[in-house]
There are 2 protein chains.
Amino acid sequence: MFAGICIGKDRPAYLQISDHIKKLISSGALQSNQKLPSSRELCKLLNICRNTVIAAYEKLAEEGLVYILGNKGVFVADIHTAGMESWNIEWAKRVSNQAQMAERLDLMKHGITAEKEMISFTSIMPDESLFDMENVKKAFLYRMQLEGEKILNYGYAKGYRPLSQYLLRYMESKGASLDGKDILITNGFTEGFDITLSALTERGSTIVCENPTHNTAIKIMKLHGLKIAGVRMEADGLDLNELEKLSAGSDACLAYLVPSYHNPTGIVMSPEKRIKALEILKRYGIPVVEDGFNEELRYAASHISPLIACSGRGNSVIYIGSFSKILFPGMRVGWILADESLIGFMESVKRSRSIHTSTLDQAILYQYLQDGNFEKYIKRARKTYSEKFNLALDCSRTFIPHRKISGEGGLHIFIELEKHLNARNVLRECMNRKVAFTPGDIFFTDNTGKNTLRLGFSRVSSEDIVKGIKIIGSVIRAMEVSQ
Amino acid sequence: MFAGICIGKDRPAYLQISDHIKKLISSGALQSNQKLPSSRELCKLLNICRNTVIAAYEKLAEEGLVYILGNKGVFVADIHTAGMESWNIEWAKRVSNQAQMAERLDLMKHGITAEKEMISFTSIMPDESLFDMENVKKAFLYRMQLEGEKILNYGYAKGYRPLSQYLLRYMESKGASLDGKDILITNGFTEGFDITLSALTERGSTIVCENPTHNTAIKIMKLHGLKIAGVRMEADGLDLNELEKLSAGSDACLAYLVPSYHNPTGIVMSPEKRIKALEILKRYGIPVVEDGFNEELRYAASHISPLIACSGRGNSVIYIGSFSKILFPGMRVGWILADESLIGFMESVKRSRSIHTSTLDQAILYQYLQDGNFEKYIKRARKTYSEKFNLALDCSRTFIPHRKISGEGGLHIFIELEKHLNARNVLRECMNRKVAFTPGDIFFTDNTGKNTLRLGFSRVSSEDIVKGIKIIGSVIRAMEVSQ
């Protein structure tokens, strides 16, 4: 029983011994008032220093698990380990509709899983080899030295103040008016969008969005019980006639838009369209949630103002931003810029959900940004990703028979195949040939898009981009011939 | 316009210049195609090195905000800054019932706010001077060196594997059977409880809990639209007769219990009662959510098994734990140990809410725990807090006229005054005399507890504990005399 204690190197030995004995006691293998081996015996048995055993026994005594009787020895305390008769619940029958739906819509469980040896275009995660570890370390050490105790204790639901201030300036430099606005820091875009919908929708309300659109956003909208009114996309963004028709015909309470490097199409909405879309939505009293998705990953073309800048001194646009899409997804930090009274309500919702976002992460991110590292990183990232982007675009145009290919930036391109082709059939055949991609139908709000696919290239080598796209192309050509 | 650029030391100068010019462009202060000062002029004007100005202009050019015409100079690009006519929404009229309720129940907004010079017993935050910064630094640097890229990129909704494994062992050493169980890492207790209620309740269902109980839990239960059935507390925990009556009379779907160092009463449920309570709940088909609140802050008495250990090999108890209550609240890390099929559903809910908890925080916490630092910290923290606890208890018994004082550990004690006294009136008078505490009514589920109060002592010096409690006592005595 004691000889079985195996002492590894990655944790203090006295804790390994006390953990082991604790387990023996709580499992009932050691009985109340049973005498434990003396420290002399145990240290010999385990071939360790006697002080280690003494420290382990002292720790157990502190926790009330053993008692020490002068020089009589160490005994197991009178522990109540007797439990109730065991009761096993069939949980799947008890979970809420909400949880069942979350499970059903969970693409990590029911989506495409590429095996390791495959060339996989399913991911739009950043390539971690671009990460700038040294400056993250520096930012951490500097912040810890400056105010370590503070950033390890409770912070504020609204966010870590230096970071909020930085982000306000950052949004101002994008042209947003800060008058009467405020910022809420969130656990990335996902929590930001979830809080926004909690704060502004009731079950059964309608939300307008692009069709196709970001699949995580679709999932969250469905989980909030919203009716989704998807607006067709043209080459320069929303089809304004359809936007007008849908806005007039519904009592939508919100519009969710991704104006730049739209996921999945990669389309950038033109400046003229931005203004026109906002004017249409204003006419029907529909405020906008703007997803600033990958706005920084612009490879060419000129600057375009985000919707929140286009809305001038008005307060009808709620901007959700996140550095975690390209910078450090492992730290979950995003933000919402919106009218200050609205942020007040959202702050209370945030507090009821997760109290606040990790102050440590916010402090590291702030220092990293303040030191000017983001600009250097983004320059390097843009170079790498734009090369891959151009390669993927060229190869797709050359090798994949298509109706349309779209994408002006970001970490993916979007392909529309001939109408009669089903991308899931193409995928099945491609996976036999060790290539995976994301079937585009998951991005559509109306069960269409069967003939579309998204290629994420951020984590695929140049060589594999060429090889993989050639295989996709040849599978499609073979299917066209066989039909 | 340019002379106004003020260059500080805390951010690279070229970024301060480009930020400033960006703001001038996006606000419309600089017009499209307007010529900017030459780098030679600007560096003279600002008294900085010319390369800095050149770097700033290059950055603006990269972002498409200016264009450089050979040696003719630098010009503002053709930016669409024209916006829509501004539209101002009265957001308070548009927010959801959920958000209004979250705001109404937000104690950070409507609770007691002690001014700086007051002696405040309102907080149960840990005392940050006890924090062990050096070992946090070590844990960070070690983890970054080992797998920095990995912990900065996306992780898994269930959690960072080494931490999950550590916590499984930790729970096993508390006596929990791990058969058929799994762990989900959450953003602290708050998110864990929110996810649990989302996964297991529908609006309008009933939940059983102690009365009084943790006020954040009451808030979250209300936000989930639950009916709350509060069970009276006795000196050793739940009144079992009332538990039986309430369980029989309701179709409760869940019970929320804080068996150790219960908030706010500080009561530890006796081992016998734990088993009996579980058996009653089993009889009525009600599973338990166990809040492991401050379980580590035991100052005396022997070890008592958590409910999840008492439930043996059954799966009816869902344990929510958190190190952030005493260790590092700034990192938001908690966990749920429960049946593995249930954790599967909760994992999908978590993914839809915040994708995953900061991997960086989880990695730091894991290394810190694995190195055995928690045990050293808790030893130090117990010593400090138990001294304050005993002092606060002694002073309260001596100076405050009371019906009952409870508390066996943790960071607070709970006081029941004579029935005719209202703690809010006492508080008003105390605040005039620069002492604040938490009125106990906020912890009650049935609008009672007007004559109770909670004293949190974790952040009050010994001197102020004595002084503050004496003042509370004298205020109460004065009120009794005047009546």
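These numbers come from a predicted model, not from an experiment.

With respect to the pairing of strand 10 (residues 317-322) of chain A
The side chains of a regular strand alternate between the sheet's two faces.
All names here are of chain A.
Right, so step 1: Burial within strand 10 is extensive, with six of its six residues counted as buried.
Right, so step 2: What you see with strand 10 is no split at all: Val317, Tyr319 and Gly321 on one side and Ile318, Ile320 and Ser322 on the other are buried throughout.
Right, so step 3: Bridge analysis of strand 9 (residues 288-291) against strand 10 gives four bridges, and the strand direction is parallel. In the strand pairing of strand 10, Val288 is matched with Val317.
Right, so step 4: Sheet analysis places strand 10 next to strand 11 (residues 334-339), joined by four bridges and oriented antiparallel. Directly across from Ile320, in strand 11, lies its bridge partner Ile336.

Details of the relation of the copies chain B and chain A
Right, so step 1: At an RMSD of 0.1 Å, chain B and chain A line up after a rotation of 180° and a shift of 0.0 Å along the axis. On the angle and the small slide along the axis, the relation comes out as a two-fold axis.
Right, so step 2: Interface residue correspondence from chain B to chain A reaches 100%, placing this contact among same-surface, isologous pairings.

Regarding the nonpolar core
Right, so step 1: Counting residues in hydrophobic clusters, the biggest one holds 250 residues, and the most contacted among them are Ile207, Ala255 and Ile336 of chain A together with Ile207, Ala255, Tyr319 and Ile336 of chain B.
Right, so step 2: The contact partners of Ile207 of chain B, leaving out residues within four places of it in the chain, are Thr201, Met221, Leu226, Ile228, Ala229, Ala252, Leu254, Ala255 and Tyr256 of chain B.

Quick word on the sheet that holds strand 11 of chain A
Residue and element names in this part refer to chain A.
Right, so step 1: A sheet is described by the order of its strands in space; here eight strands give the open sequence 4-11-10-9-8-5-6-7, paired in mixed fashion. For this open sheet the edge positions go to strand 4 (181-186) and strand 7 (237-238), each flanked by a neighbour on one side alone.
Right, so step 2: Two strands pair when backbone bridges link them, and strand 6 (residues 227-234) and strand 7 are joined in this way by two bridges, in the antiparallel orientation. What sits directly across from Glu234, in strand 7, is Gly237.
Right, so step 3: The strands that helix 7 (residues 161-173) touches are strand 4, strand 10 and strand 11; relative to strand 4, the one it contacts most, it runs at about 125°.
Right, so step 4: The strands that helix 10 (residues 240-249) touches are strand 5 (206-211), strand 6 and strand 7; relative to strand 6, the one it contacts most, it runs at about 165°.

What to know about helix 9 (residues 215-223) of chain A
All names here are of chain A.
Right, so step 1: Here helix 9 lies mainly inside the structure; seven of its nine residues are buried.
Right, so step 2: When helix 9 is considered as a whole, its buried residues turn out to be Asn215, Ala217, Ile218, Lys219, Ile220, Met221 and Leu223.
Right, so step 3: Residue Gly225 follows helix 9 closely and has a positive phi angle near 70°.

Some thoughts on unusual backbone geometry
All names here are of chain A.
Right, so step 1: Note that the residue after Asn263, namely Pro264, is joined by a cis bond; omega there is 10°.
Right, so step 2: Among the structural elements, Pro264 can be located in the loop between strand 8 (254-257) and helix 11 (271-283).
Right, so step 3: Residue Asn47 is not a glycine yet carries a positive backbone phi of 60°.
Right, so step 4: With respect to the secondary-structure elements, Asn47 resides in the loop between helix 2 (39-46) and helix 3 (50-62).
Right, so step 5: One non-glycine residue, Tyr261, lies in the positive phi region at around 50°.
Right, so step 6: Relative to the helices and strands, Tyr261 resides in the loop between strand 8 and helix 11.

Considering the domain arrangement of chain A
Right, so step 1: Segmentation of chain A into domains returns domain 1 (13-76), domain 2 (100-129 + 375-482) and domain 3 (131-371).
Right, so step 2: Once you take the C-alpha centre of each, domain 1 of chain A and domain 2 of chain A turn out to be 58 Å apart.

Considering the sheet that holds strand 15 (residues 438-439) of chain B
All names here are of chain B.
Right, so step 1: Spatial strand order, 12-13-16-15: four strands in an open sheet with antiparallel pairing. Edge positions in the open sheet fall to strand 12 (404-406) and strand 15, since each of these has one partner strand only.
Right, so step 2: Judged from the three bridges that link them, strand 12 and strand 13 (residues 412-416) form a sheet pairing that is antiparallel. Within strand 13, the residue paired with Ile405 across the bridge is Ile415.
Right, so step 3: In the packing of helix 15 (residues 373-399) onto the sheet, contacts are made with strand 12, strand 13 and strand 16 (452-456), and the angle to strand 13 comes to roughly 15°.

Points about helix 14 (residues 359-370) of chain A
Right, so step 1: Between its first and last C-alpha, helix 14 of chain A extends 16 Å over twelve residues, near the 16 Å set by a 1.5 Å rise per residue.
Right, so step 2: With its phi angle positive at about 85°, Gly372 of chain A sits one or two positions after the end of helix 14 of chain A.

What about the interface of chain B and chain A?
Right, so step 1: If you look at the interface, chain B gives 115 residues, while chain A gives 115 residues.
Right, so step 2: No other element matches the eleven residues that helix 6 (residues 133-152) of chain B contributes to the side of chain B that touches chain A.

With respect to the environment of Tyr377 of chain B
All names here are of chain B.
Right, so step 1: Within the element layout of this structure, Tyr377 appears in helix 15.
Right, so step 2: C-beta crowding within 10 Å serves as the criterion here: with 21 such atoms nearby, Tyr377 is assigned to the buried category.
Right, so step 3: Separated by 247 residues in the primary sequence, Tyr377 and Leu130 place their C-alpha atoms 7.9 Å from one another.
Right, so step 4: Aside from chain neighbours lying at most four places away, what touches Tyr377 is Asp132 and Leu327.

Overview of the confidence of the model for chain A
Right, so step 1: Here chain A shows a mean pLDDT of 93. Residues at 70 or above account for 99%.
Right, so step 2: Two numbers describe this predicted complex: its pTM, 0.95, and its ipTM, 0.95.

Observations concerning the environment of Glu340 of chain A
Residues and elements named next belong to chain A.
Right, so step 1: Checked against the element boundaries, Glu340 lands in helix 13 (residues 340-354).
Right, so step 2: The class for Glu340 is partly exposed, based on 14 C-beta atoms found within 10 Å.
Right, so step 3: Placed 25 residues apart in sequence, Glu340 and Asn315 show a C-alpha to C-alpha distance of 9.1 Å.

Structural notes on the packing of helix 15 (residues 373-399) of chain A against helix 17 (residues 462-482) of chain A
Residue and element names in this part refer to chain A.
Right, so step 1: Their axes nearest at 9 Å, the elements helix 15 and helix 17 cross at an angle of 20°. What the angle tells us is that helix 15 and helix 17 run roughly parallel. The interaxial crossing formed by helix 15 with helix 17 has right-handed handedness. The segment helix 15 lies against helix 17, with Lys388, Leu391, Ala392, Cys395, Ser396 and Phe399 engaging Ser462, Ile465, Val466, Ile469, Lys470 and Gly473.
Right, so step 2: Across the contact of helix 15 with helix 17, the residue classes break down as seven nonpolar, three polar and two charged.

Section: the environment of Leu254 of chain B
All names here are of chain B.
Right, so step 1: Here Leu254 is to be found in strand 8 (residues 254-257).
Right, so step 2: Assessed through the 22 C-beta atoms surrounding it within 10 Å, Leu254 is described here as buried.
Right, so step 3: On a C-alpha basis, the gap between Leu254 and Asn47 in space is 69 Å, while along the polypeptide they are 207 residues apart.
Right, so step 4: In contact with Leu254, other than residues within four places in its own chain, are Leu200, Thr201, Ile207, Ile286, Pro287 and Val289.

Definitions and limits used
- Residues numbered from 1 in each chain as written.
- Chains lettered and ligands numbered in written order.
- Predicted model: local features only at pLDDT ≥ 70, side-chain atom pairs only at ≥ 80, totals over all residues.
- Buried ≥ 20, exposed ≤ 12 C-beta atoms within 10 Å, placed from the backbone.
- Helix = DSSP H or I, 4+ residues; strand = E, 2+ residues; numbered from the N terminus.
- Pairing = 2+ DSSP bridges.
- Least-squares fit on C-alpha atoms with pLDDT ≥ 70 in both.
- Contact = placed C-beta atoms within 7 Å.
- Core = buried A, V, L, I, M, F, W, Y, C linked by C-beta atoms within 7 Å.
- Axes fitted to C-alpha atoms, helices over the stretch in contact; angles between N-to-C directions.
- Domains from an automatic or database assignment.
- Expected span 1.5 Å × (residues − 1).
- pLDDT = per-residue confidence, 0-100.
- Parallel < 35°, antiparallel > 145°, perpendicular 65-115°, else oblique.
- Left-handed = near helix turned anticlockwise from the far one by under 90°.
- Nonpolar A, V, L, I, M, F, W, Y, C, P; charged D, E, K, R; others polar.

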